[in-house]
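Read off the chains here:
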Protein chains: 2
Amino acid sequence: MSAVAPGGAIGILGGGQLGRMLAIAAAQLGLDAHIYTDEPDSPAARVSAKTVVADYHDHAALAAFAHGVDAVTTEFENVPADTAQALIDAGAIVRPNARALAIAQDRLLEKDFFNAQGIATAPYAAVDAEGDLAKALETAGAPAILKTRTLGYDGKGQARIASAADARAAYAALGRAPCILEGMCGFAMEFSIVAARGEDGAFAAYAPTANTHRDGILWRSIAPAPIAQALCAQATDATRALMAALDYVGVLAIEFFLMPDGALLANEMAPRVHNSGHWTIEGARTSQFEQHIRAVSGWPLGPPESLGAAEMLNLIGDDVSQWRDHVGSPGAHVHFYGKREARAGRKMGHVTWVGG
Amino acid sequence: MSAVAPGGAIGILGGGQLGRMLAIAAAQLGLDAHIYTDEPDSPAARVSAKTVVADYHDHAALAAFAHGVDAVTTEFENVPADTAQALIDAGAIVRPNARALAIAQDRLLEKDFFNAQGIATAPYAAVDAEGDLAKALETAGAPAILKTRTLGYDGKGQARIASAADARAAYAALGRAPCILEGMCGFAMEFSIVAARGEDGAFAAYAPTANTHRDGILWRSIAPAPIAQALCAQATDATRALMAALDYVGVLAIEFFLMPDGALLANEMAPRVHNSGHWTIEGARTSQFEQHIRAVSGWPLGPPESLGAAEMLNLIGDDVSQWRDHVGSPGAHVHFYGKREARAGRKMGHVTWVGG
């Protein structure tokens, strides 16, 4: 496609904070954001030129949405296959492409794809029926984590298991949905590579980012992660190869485990801007949000270099009640997402510090 | 007032690029922007939670607007007095205050105020009738510029005159509106001080910015302006004193002339964010837009320090047709305002470079 000119429109599936920050980045580049979401009064809608509130399976609404924009992207990986297909059938350019979305939303396809690309993972096995559990436990080892293949996020849709009895109970609790059993690995550090690939095949990676979780939710990121340069190069090269293999356009994040013996295991990928890349808004020459919009629009990628060491802290649930402290702290870059209610576990905002 | 909490709403009068960039800054801070404009499909409306399109003298619409927001600000100085009063009557907190707006929108009051604050200006005289022209020319000297006292911007509403005959023709051409005749000064440099004052009286100034105009429209700014530190301190101190005298809350810009003999003359002030402060988006720790929203919201000001030497280039009219060059230039931060038509003299976007 030819590059989207300023004044054009980018369609975004999803109305959460990632859609909101994408819409803001699009606005700065002179592009209208059109949001498609099933949620009324969404955070993204309140900063966008147009919003459609409809079901993700409403093919007529999707077709109309597609006709009003120059390209479509998403803030979440769990885009139903028929949603992507309806947009494509209506003539939309969908970035990232449907294959990347399909792989990233299924933990089994994702792990298979990592391995096919020569990127190691923890041991895992598919669980399609209760009868698979025993053999899966042998493959993955105990303790392990049983996860639904699709639709899990932020620690939801998963259970830690230590024995065959645990496994059966967990499988029942997960509704006997298609699952994957993953061996738990006692990693030394979790870090992510957030990178972009342009329509022209150009690749730009941000500094590796070390991540700490709290209750299964990303809590704190620092960039650059304190890892050896060779390891960073290994992870970045793997990300580059994976994105090329997918003919990927846009920003993608891969979470890696650094093992105590120095081995690198891929955990999962997100075919979108990622929470661990929020520090790039102030900490890099081009933010991940601008970078994604540039790629989706067929523009050249911007330079990803860091402007300094960065730290990002998520404000989760009640954390946001301390907003005055953050707002009054010189050098703290505060971001609030405009969510109406501070429910437990809900990402309400984040704060970034960038050093000299 | 108590500080506006994230989730609150800021009302902005005006739908242009300044309103758009204010709305984006508000969104990043978790605040909804409500735009009040008489222009349909305005640049600011397309990034804001809510927009009212109505006349600035529609007091009922203004009252309803005031009731939906926590504070009201403006992107332009020519807010009619009855507009501000209608908002205040409806209980709105209007920042900057009505007095600051009244002074800044009248070139005569503005110059009188500068002088009352001990800030020198070029010679000037009021022209209320044709009979005033001869004496005004004596005061201001020739050549001089005849300007309407109100509603002029970007070189509009003014005429250069060299003789009494010129003056009469220009006065007629300006519709015999109340005017001011200003002596022309052959300045060595024009620079601006963009600064903010918080509700708590805190003051934060950006690095001085040297400005170059093209056809009466700001074309290029560089920060810091190459001026001596003592001169910068003089201009900054004058700005601080003037803002305190106005009990000002928000961002304000003063344009100064540096004369060949080192004298400092104030040219005009803008009671709002200013084009010469656009470089602060990437070039300062807190952008002028965030700073203004912080002040208007009763939040502490952010640190104004520069992150490097900055250059800002306006894209005016057809300049925007070269958008591909700017978008493809590494290190160029591009901003487009989403205006539908690139008319001559229209500010369509800007590009900023920040050095190390």
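Structural data are supplied above this passage.
Residues numbered from 1 in each chain as written. Chains lettered and ligands numbered in written order. Predicted model: local features only at pLDDT ≥ 70, side-chain atom pairs only at ≥ 80, totals over all residues. Heavy atoms only, no water.

Chemist: Residues and numbers for the relation of the copies chain A and chain B, please.
Modeler: Two copies of one chain are present, and they are related through a rotation about an axis combined with an axial shift. You can overlay chain A on chain B at an RMSD of 0.0 Å; the transform is a turn of 180 degrees with a shift of 0.0 Å along its axis. Taken together, the rotation and translation relating the two chain copies correspond to the operation of a two-fold axis. Residue Val47 of chain A, judged by its C-alpha, is the member of chain A lying nearest the rotation axis, at 2.2 Å. (Least-squares fit on C-alpha atoms with pLDDT ≥ 70 in both.)

Chemist: Can you break down the pattern of salt bridges residue by residue, with the values?
Modeler: Residue and element names in this part refer to chain A. Per the counting criterion, the structure on display carries 35 salt bridges over all chains. Among the ionic pairs, Arg46 bridges to Asp41, the shortest N-O distance being 2.9 Å. Among the residues examined, Asp41 registers a relative accessible area of 42% and is labelled partly exposed. The salt bridge involving Arg176 is made with Glu130; its shortest N-O contact spans 2.7 Å. Remark: Glu130 occurs in the loop between strand S5 (124-127) and helix H6 (133-140) and Arg176 occurs in the loop between helix H7 (164-173) and strand S8 (179-183); sequence separation between them is 46 residues. Judged by relative accessible area, Glu130 falls into the partly exposed class, the value being 33%. (Salt bridge = Lys/Arg side-chain N within 4 Å of Asp/Glu carboxyl O. Buried < 20%, exposed > 50% of the residue type's maximum accessible area, 1.4 Å probe, protein only. Helix = DSSP H or I, 4+ residues; strand = E, 2+ residues; numbered from the N terminus.)

Chemist: Explain the packing of helix H2 (residues 59-67) of chain A against helix H3 (residues 81-89) of chain A residue by residue, including any values.
Modeler: All names here are of chain A. Two elements in contact, H2 and H3, have axes separated by 8 Å at closest approach and are oriented at 45 degrees. In this view, H2 runs oblique relative to H3, as classed from their interaxial angle. In this structure, H2 crosses over H3, and the sense of that crossing is right-handed. Contacts between H2 and H3 involve His59, Leu62, Phe65 and Ala66 on the former and, on the latter, Asp82, Thr83, Ala86 and Leu87. (Axes fitted to C-alpha atoms, helices over the stretch in contact; angles between N-to-C directions. Parallel < 35°, antiparallel > 145°, perpendicular 65-115°, else oblique. Left-handed = near helix turned anticlockwise from the far one by under 90°. Contact = heavy atoms within 4.5 Å.)

Chemist: I'd like to hear about H6 of chain A, residue by residue, with values.
Modeler: All names here are of chain A. Taken as a whole, H6 has its buried residues at Leu133, Ala136, Leu137 and Ala140. The arc that holds every buried residue of H6, seen down its axis, measures 100 degrees, which confines them to one face. Turned more than 90 degrees away from the buried face of H6, the exposed residues are Ala134, Lys135 and Glu138. On the buried face of H6, the contacting elements are S5, strand S6 (144-148), H7 and S8. Where H6 ends, the next residue or the one after it, Gly141, has phi of about 80 degrees, a positive value. (Arc of directions from axis to C-beta.)

Chemist: Before we move on, could you go through the side chain of Thr74 of chain A and cite the residues and values that matter?
Modeler: Residues and elements named next belong to chain A. With respect to the element layout, Thr74 can be found in strand S4 (residues 71-74). Thr74 gets classed as buried once you look at its relative accessible area, which sits at 2%. When sequence neighbours within four positions are dropped, the list of residues in contact with Thr74 reads Leu13, Leu22, Val79, Arg95, Pro96, Leu101 and Arg272.

Chemist: So what's going on with the sheet that holds S6 of chain A? Which residues, and what values?
Modeler: All names here are of chain A. Here four strands make up an open sheet; going across it, the order is S5-S8-S6-S7 and the pairing antiparallel. Strands at the two margins of the open sheet, each flanked by one partner only, are S5 and strand S7 (158-161). Ignoring strand direction, the axes of neighbouring strands in this sheet form an average angle of 20 degrees. On top of the sheet, H7 reaches S5, S6, S7 and S8; it is set at about 170 degrees to S7, its chief contact. (Pairing = 2+ DSSP bridges.)

Chemist: So what's going on with the side chain of Glu77 of chain B? Which residues, and what values?
Modeler: Residues and elements named next belong to chain B. Here Glu77 shows up in the loop between strand S4 (71-74) and helix H3 (81-89). For Glu77, the side chain forms a polar contact with the side chain of Arg272, separated by 2.6 Å. Leaving out residues up to four positions away in the same chain, Glu77 has contacts with Leu101, Ala104, Gln105, Ala270, Pro271 and Arg272. (Polar contact = N/O pair within 3.5 Å; in protein donor to acceptor, adjacent residues only side chain to side chain.)

Chemist: Would you mind going over unusual backbone geometry in detail, with residue names and values included?
Modeler: Across the junction of Ala142 of chain A and Pro143 of chain A, the peptide omega takes the value 0 degrees, indicating a cis bond. Checked against the element boundaries, Pro143 of chain A lands in the loop between H6 and S6. In this structure, the amide linkage connecting Arg95 of chain B to the following residue, Pro96 of chain B, adopts the cis form with an omega of -5 degrees. Here Pro96 of chain B shows up in the loop between H3 and helix H4 (98-104). A positive phi angle, near 55 degrees, is found at Asp41 of chain A, a position not held by glycine. The topology assignment puts Asp41 of chain A in the loop between strand S2 (32-37) and strand S3 (50-53).

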